[in-house]
Amino acid sequence: GRRGVAVGAFGSVLATADGGATWERQAFPMSHLALLSVTMREGKCIAVGQTGLIYAAEDCKAWKATPSTVKNRLLSVSMNKQGLAYAVGAFGTVLRSADWGKTWAPQAIDWTGFTEDGVEPHLYDVHVGDDGVVTTVGEFELVLRSSDGKAWKALHKGERSLFALAVLDGGRLYASGQSGAVLTSRDDGATWESRTTG
């Protein structure tokens, strides 16, 4: 609807109830590290950030720290309407939650199949579909997909880092990143086109 949440430096959390016309600062139980991503579904929120920080809020207001199994920076989080959530971040970090962010488990990925010498790439953005399919983007133009968090498939690889991902209806995907990179797919990631951005 018209609700939204924004997060940032020093535990900053802003909320809007009018589609972004006005914003109100929320009380947050941490004020010394940055929150780097937030997701909202069904009136529930999850925020992630530096040093593996994870906070969840049943009502997007009363935030509670969630035990994290990693210390790596978490750069993005996404959740679907069933409460399935993924958080991704530095050095190939992938975490999965099936209970609206209350508990998390690391997902092991064999990077030797995706990167040279098995280098663990930074993952910058993630999307969880309502069908449970998760798609993430990161270094080396990686676009990875999994239906269970265990078996992963590379939909795309290249040279540049991809920082942002949009997954739309009708099999349309957009990814953007380093050096003006914009990649598009119209067949759910089977093929990709690199767009000229200048």
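Residues numbered from 1 in each chain as written. Predicted model: local features only at pLDDT ≥ 70, side-chain atom pairs only at ≥ 80, totals over all residues. Heavy atoms only, no water.

S.K.: So, the pattern of salt bridges: which residues are in play, and what are the values?
M.R.: Applying the stated criterion across every chain yields a total of 6 salt bridges. Between Lys 102 and Glu 58 there is a salt bridge whose closest N-O contact spans 3.0 Å. Taken as a pair, Lys 102 in the loop between strand 10 (94–97) and strand 11 (105–106) and Glu 58 in the loop between strand 6 (54–57) and strand 7 (64–65) lie far apart in primary sequence, 44 residues in all. Overall, Glu 58 belongs to the partly exposed group, its relative accessible area being 46%. Salt-bridge contacts for Arg 145 lead to Asp 188; the nearest nitrogen and oxygen are separated by 3.3 Å. Linking Arg 145 in strand 14 (residues 143–146) with Asp 188 in the loop between strand 18 (181–185) and strand 19 (193–194), this pair joins segments that are 43 residues apart in sequence. Looking at Arg 145, the relative accessible area reads 14%, which means it is buried. Here Asp 188 falls in the partly exposed class, since its relative accessible area comes to 41%. Several salt bridges share partner residues, and in doing so they unite Lys 44, Glu 58 and Lys 102 into one network. (Salt bridge = Lys/Arg side-chain N within 4 Å of Asp/Glu carboxyl O. Helix = DSSP H or I, 4+ residues; strand = E, 2+ residues; numbered from the N terminus. Buried < 20%, exposed > 50% of the residue type's maximum accessible area, 1.4 Å probe, protein only.)

S.K.: So what about the sheet that holds strand 5 (residues 44–49)? Which residues, and what values?
M.R.: Read from one edge of the open sheet, 4 strands run 4-5-6-7, paired in antiparallel fashion. Every other strand in the sheet has two partners, leaving strand 4 (35–41) and strand 7 as the edge strands with one partner each. With 2 bridges joining them, strand 6 and strand 7 adopt antiparallel strand pairing. The partner of Ala 56 across the bridge, within strand 7, is Lys 64. (Pairing = 2+ DSSP bridges.)

S.K.: With reference to specific residues and values, describe the nonpolar core.
M.R.: One finds Tyr 86, Val 94, Trp 111, Phe 114 and Trp 152 to be the most contacted residues of the largest nonpolar core, which totals 14 residues. Where this core is concerned, the elements lending two or more residues are strand 9 (85–89) and strand 12 (123–128). Looking at which element gives the most residues to this core, the answer is strand 12, with 3 residues. What Val 94 contacts, discounting residues up to four positions off in sequence, is Tyr 86, Ala 87, Val 88, Ala 105, Pro 106, Gln 107, Ile 109, Leu 123 and Trp 152. (Core = buried A, V, L, I, M, F, W, Y, C linked by side-chain atoms within 4.5 Å. Contact = heavy atoms within 4.5 Å.)

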